[in-house]
Amino acid sequence: YVDDIYGANVFSKDGRTDDVGTDHGTHVSGLVKAVRDQSISAASEARAVQIMPVRFINSSGVGSTASAIAALEYAASRGVKVVNASWGAKGAEAFSRALFDAMADLYTNNDVFFSVAAGNADRAGANNNDITPYFPANFGLPGQMTVASLTASYAGSGSGAVFRDYYLSTFSNYGLSSVDIAAPGDMINDDSATPGVWSSNAGFATGSTFVRKRGTSMAAPVIAGVAAVVRAINPSLTSYEVKQLLLSTATPTSRLARIKSSAMVNAAAAFSAARTATSHGAHPAVQEPN
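Residues numbered from 1 in each chain as written. Predicted model: local features only at pLDDT ≥ 70, side-chain atom pairs only at ≥ 80, totals over all residues. Heavy atoms only, no water.

*Asks:* Describe in detail the overall build of the protein, supporting the description with residues and values.
*Replies:* Helix and strand counts for the protein come out as six helices and 13 strands. Taken against the 2.2 N^0.38 rule, which gives 19 Å for 290 residues, the C-alpha radius of gyration of the protein at 18 Å falls within 12% of a compact globule. Dimensions of the protein, computed from C-alpha atoms along their principal axes, come out at roughly 50 × 45 × 45 Å. Put simply, the protein has 290 residues, and 46% of those count as buried. When contacts within the protein are restricted to residue pairs at least 6 apart in sequence, long-range pairs at least 24 apart make up 72% of them. (Helix = DSSP H or I, 4+ residues; strand = E, 2+ residues; numbered from the N terminus. Rg over C-alpha atoms; globule rule 2.2 N^0.38 Å. Buried < 20%, exposed > 50% of the residue type's maximum accessible area, 1.4 Å probe, protein only. Contact = heavy atoms within 4.5 Å.)

Below is the structure:
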């Protein structure tokens, strides 16, 4: 990869990672940065968190399994400890043994933590991943968290908006066995703006530095960002132990009863717990996929 100073592009074999034809990657990485930046006041170790973009999606928003594997292997070769996967495909036919093996290898030999989007509703509505799988969300690796989206609702708009409620996003896939946790992937308020969370804009919307998008693609990088800060605070924790820490500190609610933990991530509690957590080297073996 030529001039891969900040990241890599598996198509052009160089460091050109800017979005072309889609602003998805910029929005997602912006959310990781937002979590990192807002964590610094409580956890100065967050300053050590860096983002390394690896592009394997083309200008049409499509990427092959082979390209995904190449991207993952590149990331591991550069020492990445947290991977955000805001991508996937629905149905049993979408299962790839090669992709499973690649992610399992990164977990087993590189102790990589994966934050994976649970997937969004299609025309038939939100999907129960327990019944119709979504990959790689349904791989269920010991160091993987599959993330649903929750919608935060606010009364009013602008700086005067007041938090009202939150709930599992209507578009979010779910599953009592296959979806681990929820994080903010959507926001609505009383103005007429497009719903969604604010993050960086790649430049496709003229004159706008930020843009709103919604999806489990937006929820997954929140978990990735929190996991990265946890690992910065306590580097001794294995990826599996990071997962268990995020689950043990999450906030339970009946609003999220359709996912395994019935809970949403609690970043402040996770950071506090990371300071006193002791690693026991827990690193369960990968189980064969069903």
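*Asks:* For the pattern of salt bridges, give the residues involved together with the corresponding values.
*Replies:* Within this structure, the stated rule accounts for 14 salt bridges. The salt bridge partner of Arg231 is Asp111, with a shortest N-O separation of 2.8 Å. Of the two residues, Arg231 sits in helix α4 (residues 216–233) while Asp111 sits in the loop between α3 (97–110) and β5 (113–117), which places them 120 residues apart along the sequence. According to the relative accessible area criterion, Asp111 is buried, its value standing at 17%. Look at the salt bridges and you will find they share partners, linking Lys33, Arg36 and Asp37 into a network. (Salt bridge = Lys/Arg side-chain N within 4 Å of Asp/Glu carboxyl O.)

*Asks:* Tell me what's going on with the side chain of Ser178, and back it up with residues and numbers.
*Replies:* In this fold, Ser178 is placed in the loop between β8 (162–168) and β9 (181–188). With a relative accessible area of 13%, Ser178 lands in the buried category. Within the structure, the side chain of Ser178 is placed 2.6 Å from the side chain of Asp130, a separation counted as a polar contact. (Polar contact = N/O pair within 3.5 Å; in protein donor to acceptor, adjacent residues only side chain to side chain.)

*Asks:* Quick rundown of the environment of Asn9? Include the residues and the values.
*Replies:* Checked against the element boundaries, Asn9 lands in strand β1 (residues 8–9). Looking at Asn9, the relative accessible area reads 4%, which means it is buried. In sequence terms Asn9 and Ile57 are 48 residues apart; their C-alpha atoms lie 9.0 Å from each other.

*Asks:* So, the packing of aromatic side chains: which residues are in play, and what are the values?
*Replies:* As enumerated under the stated definition, the model contains nine aromatic pairs in all. Ring pairing ties together the aromatic residues Phe95, Phe100, Phe135 and Phe139, which thus form one cluster. Over the face of the ring belonging to Tyr166 we find Arg255, whose NZ or CZ atom lies 5.0 Å from the ring centre. In this structure, Arg258 packs its charged tip against the face of Tyr174, placed 4.2 Å from the ring centre. (Phe/Tyr/Trp six-rings, centres within 6.5 Å; stacked < 30°, edge-to-face > 60°. Lys NZ or Arg CZ within 6 Å of the ring centre and 35° of its normal.)

*Asks:* Which residues make up unusual backbone geometry, and what values do they have?
*Replies:* Cis rather than trans, the peptide bond between Phe135 and Pro136 has omega equal to 15°. Despite not being glycine, Asp111 shows a phi value in the positive range, around 55°. Non-glycine residue Ser262 carries a positive phi angle of around 50°. Along the chain, Ser262 turns up in the loop between β12 (251–252) and β13 (263–264).

*Asks:* I'd like to hear about the packing of helix α1 (residues 24–39) against α4, residue by residue, with values.
*Replies:* Between α1 and α4, the shortest axis-to-axis distance is 8 Å and the interhelical angle comes to 40°. Handedness of the crossing formed by α1 with α4: right-handed. For the pair α1 and α4, the contacting residues are His24, His27, Val28, Leu31, Val32, Val35, Arg36 and Ser39 in the first and Ser217, Met218, Pro221, Val222, Gly225, Val226 and Val229 in the second. A breakdown of the residues in the contact of α1 with α4 according to their chemical character gives nine nonpolar, five polar and one charged. (Axes fitted to C-alpha atoms, helices over the stretch in contact; angles between N-to-C directions. Left-handed = near helix turned anticlockwise from the far one by under 90°. Nonpolar A, V, L, I, M, F, W, Y, C, P; charged D, E, K, R; others polar.)

*Asks:* Kindly report on the packing of α4 against helix α6 (residues 267–276), identifying the contributing residues and their values.
*Replies:* At their nearest, the axes of α4 and α6 sit 9 Å apart, and the two run at 20° to each other. One finds that α4 runs roughly parallel with respect to α6. As for how α4 packs across α6, the hand of that crossing is right-handed. Contacts between α4 and α6 involve Val226, Val229, Val230 and Ile233 from the former and Ala267, Ala270, Phe271, Ala274 and Arg275 from the latter. Residue composition of the contact of α4 with α6, by class: eight nonpolar, no polar and one charged. (Parallel < 35°, antiparallel > 145°, perpendicular 65-115°, else oblique.)

*Asks:* Summarise the pairing of β9; cite the residues concerned and give the values.
*Replies:* Successive residues of a regular strand alternate their side chains across the two faces of the sheet. In terms of burial, β9 is a largely internal element, six of the eight residues being buried. Where strand β7 (residues 144–155) meets β9, seven bridges bridge the pair, whose relative direction is parallel. Considered in β9, the bridge of Ala148 is made with Ala182. (Pairing = 2+ DSSP bridges.)

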